[in-house]
Amino acid sequence: MAATGASEGFSVNSRCLAFHGPLLYESKILKTYFPDEKNEDVDIEEIPEENRAAVAYLIHYKGWKSSWDEWLPQERVLRWTEENLRMQKELKSEALQQLRSKKSSVSGQRELTPTAGSAGMSSAQKRKEAAKEAVDLAKATKKTRREAEEKEDEYFSHLDVNIIVPDTLKAQLADDWENITKNSQLVKLPRSPNVQEILQEFRTFYLKRRLGSAETEILDEVLAGLQLYFDKSLGSILLYRFERQQYLEVTRGNPGKVPSEIYGAEHLVRLFVSLPGLLSHTHMDQQSINVLKSHIEELLRFLAKNQKTLFVESYINSTPAYEAISRGL
């Protein structure tokens, strides 16, 4: 898909399409910046340093709050043309389809049947021939699977799954590690808000932009996937050893509840440190990764912005009995 219409020459209040992440949105030009001109109405400090060397535009996304206004380089601003509008729809459709698509490897088993030349064979000969055929099939299947896995590993090793975590959340993670592993403290459970409630709060916040149905579907797919990742990986990946006894106790005390109904932001933010490694073993292509990455980083900014209300102020001290049990796990 090729964009049409050069962005140079856009004037203030021009209608356009602008990229936010991998998708295109209807937008308006608020300010223009040309590096070789005076730009009297522009504060150069407002423009990201990497965008100051070329033409840039201050963009307002239609229907979004002004807090989402941002400076974009000219290559991410497209003219309002029929072809670019078609590209906008195609990008939304592809992103939604790719997030939903899940490739699965299905191992088939070929039925072993007597060959034409086996009619006169004895039972022993037939069993021997069938066994040889089974061995040959197993070798061929193993080789094909190994070659496929090698190709997948080579492909996935090139996927860009780097997730930018805000500095305030990095500090939160460091404090979290020290509280648990050094101070023998724990997060009091169950948490409120829990992970499911946090994801719902983020959804409400995100939809205040009055997104269309396609964007809403993509958002819901992403959030459902994150909740599933959290529920599946908490017990095996996200917990520190000192927390495992608490996990056993709290899951026994809350039968029928999944981890995302019990744990909160402290453990959710750990997921995003592990996600790049988890995603590198999925069957998502780079465009799907980009869509997911864009939503995750917005969720991380939401967590950072609401850090005081979403994270606990202090951890609880564990009992000597708990420490004795947990150290033995």
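These notes cover the structure that comes with them. (Residues numbered from 1 in each chain as written. Predicted model: local features only at pLDDT ≥ 70, side-chain atom pairs only at ≥ 80, totals over all residues. Heavy atoms only, no water.)

## A closer look at the pattern of salt bridges
Going by this rule: Salt bridges are defined by distance alone: a side-chain nitrogen of Lys or Arg within 4 Å of a carboxyl oxygen of Asp or Glu. Helical segments are the DSSP runs of H or I of at least four residues, strand segments are the runs of E of at least two, and each set is numbered from the N terminus. Partly exposed describes any residue whose relative accessible area lies between the buried limit of under 20% and the exposed limit of over 50%, with all areas from a 1.4 Å probe on protein chains only and scaled to the type maximum.
Evaluated as defined, the whole model comprises eleven salt bridges. Across the salt bridge formed by Lys 31 and Glu 46, the nearest N and O atoms sit 4.0 Å from each other. Of the two residues, Lys 31 sits in strand E2 (residues 23–33) while Glu 46 sits in the loop between E2 and strand E3 (56–61), which places them 15 residues apart along the sequence. A residue is classified by how much of its surface remains accessible, and Lys 31, at 22% relative accessible area, is partly exposed. According to the relative accessible area criterion, Glu 46 is partly exposed, its value standing at 42%.

## Focus on the nonpolar core
Stated precisely, the cut-off is as follows: The term nonpolar core refers to a set of buried residues drawn from Ala, Val, Leu, Ile, Met, Phe, Trp, Tyr and Cys, joined through side-chain atoms within 4.5 Å. Contacts were defined at the residue level, with two residues in contact if any of their heavy atoms lie within 4.5 Å.
Residues Ile 59, Phe 272, Leu 300 and Leu 303 are the most contacted members of the largest nonpolar core, which totals 67 residues. Considering each element in turn, this core owes the most residues, eight residues, to helix H5 (residues 213–238). Apart from the residues within four sequence positions on either side, Ile 59 is in contact with Cys 16, Ala 18, Ser 27, Lys 28, Ile 29, Asp 69, Glu 70, Leu 72 and Val 77. Tyr 33, Val 42, Ala 56 and Leu 58 belong to the second-largest nonpolar core, a separate cluster that totals six residues.

## Topic: the packing of helix H6 (residues 244–253) against helix H10 (residues 320–327)
How we decide: Here, axes are lines fitted to C-alpha atoms. For helices the fit covers the stretch in contact, and angles between N-to-C directions go from 0 to 180 degrees. Any angle from 65 to 115 degrees is called roughly perpendicular, while one under 35 is roughly parallel, one over 145 is roughly antiparallel, and all others are oblique. Three classes are used: nonpolar for Ala, Val, Leu, Ile, Met, Phe, Trp, Tyr, Cys and Pro, charged for Asp, Glu, Lys and Arg, and polar for all others, with Gly counted as polar.
At a closest axis distance of 8 Å, the pairing of H6 and H10 adopts a crossing angle of 110°. Classified by the angle between their axes, H6 and H10 sit roughly perpendicular to one another. Residues Arg 244, Gln 245, Gln 246 and Glu 249 of H6 touch H10, and the partners they reach there are Tyr 322, Ile 325 and Ser 326. Residues belonging to the contact of H6 with H10 are distributed by class as follows: two nonpolar, three polar and two charged.

## A short note on the side chain of Ser 233
Structurally, the position occupied by Ser 233 is in helix H5. Beyond its immediate stretch of four places on either side in the chain, Ser 233 contacts Leu 238 and Leu 271.

## A closer look at empty space enclosed by the protein
The following threshold applies: A 1.4 Å probe that fits but cannot get out identifies a cavity on a 1 Å grid over protein atoms alone, an open set with protein on both sides within 12 Å along at least five of seven lines counts as a pocket, and a residue lines either if it has an atom within 4 Å of a point. Grid points are joined across faces, edges and corners, and a volume is the space filled by probe spheres set on the points.
Counting across every chain of the model gives one cavity of 30 Å³ or more. Here the largest cavity defines a volume of roughly 40 Å³. Every residue along the wall of the largest cavity is listed here: His 20, Pro 22, Leu 23, Tyr 25, Tyr 206, Ser 294, His 295 and Glu 298. Among the elements of the structure, E2 and helix H8 (286–305) are those that each provide at least two residues to the lining of the largest cavity. Take the lining of the largest cavity: its biggest share by element is three residues, from H8. The residue makeup of the lining of the largest cavity, split by class, is four nonpolar, three polar and one charged.

## Some thoughts on the environment of Trp 177
With respect to the helices and strands, Trp 177 occurs in helix H3 (residues 167–182). Judged by its relative accessible area of 40%, Trp 177 falls in the partly exposed class. Considered as a pair, Trp 177 and Tyr 240 are 63 residues apart in the sequence and their alpha carbons are 8.3 Å apart. Beyond its immediate sequence surroundings of up to four residues, Trp 177 is in contact with Lys 182 and Tyr 240.

## Brief notes about the pairing of strand E1 (residues 15–20)
Let me state the cut-off plainly: Here the rule is simple: two strands pair whenever DSSP picks up at least two bridges between them.
Summarising burial for E1: five of the six residues are buried, a large majority. Counting the residues between successive antiparallel strands, the hairpin from E1 to E2 contains two residues, one of them, Gly 21, with a positive phi of roughly 70°. Where E1 lies against strand E5 (residues 77–79), three bridges are found, and the strand directions are antiparallel. Each residue of the ladder has a partner; that of Leu 17, found in E5, is Leu 78.

## A look at the sheet that holds E3
Taken together, five strands build an open sheet; the order of strands is E4-E3-E2-E1-E5 and the sheet is antiparallel. The outermost strands of the open sheet, each flanked by one partner alone, are strand E4 (70–73) and E5. This sheet shows a mean twist of 50° between the axes of neighbouring strands, independent of strand direction. Here E2 runs beside E3; their pairing, made up of six bridges, is antiparallel. Bridged to Ser 27 within E3 is Tyr 61.

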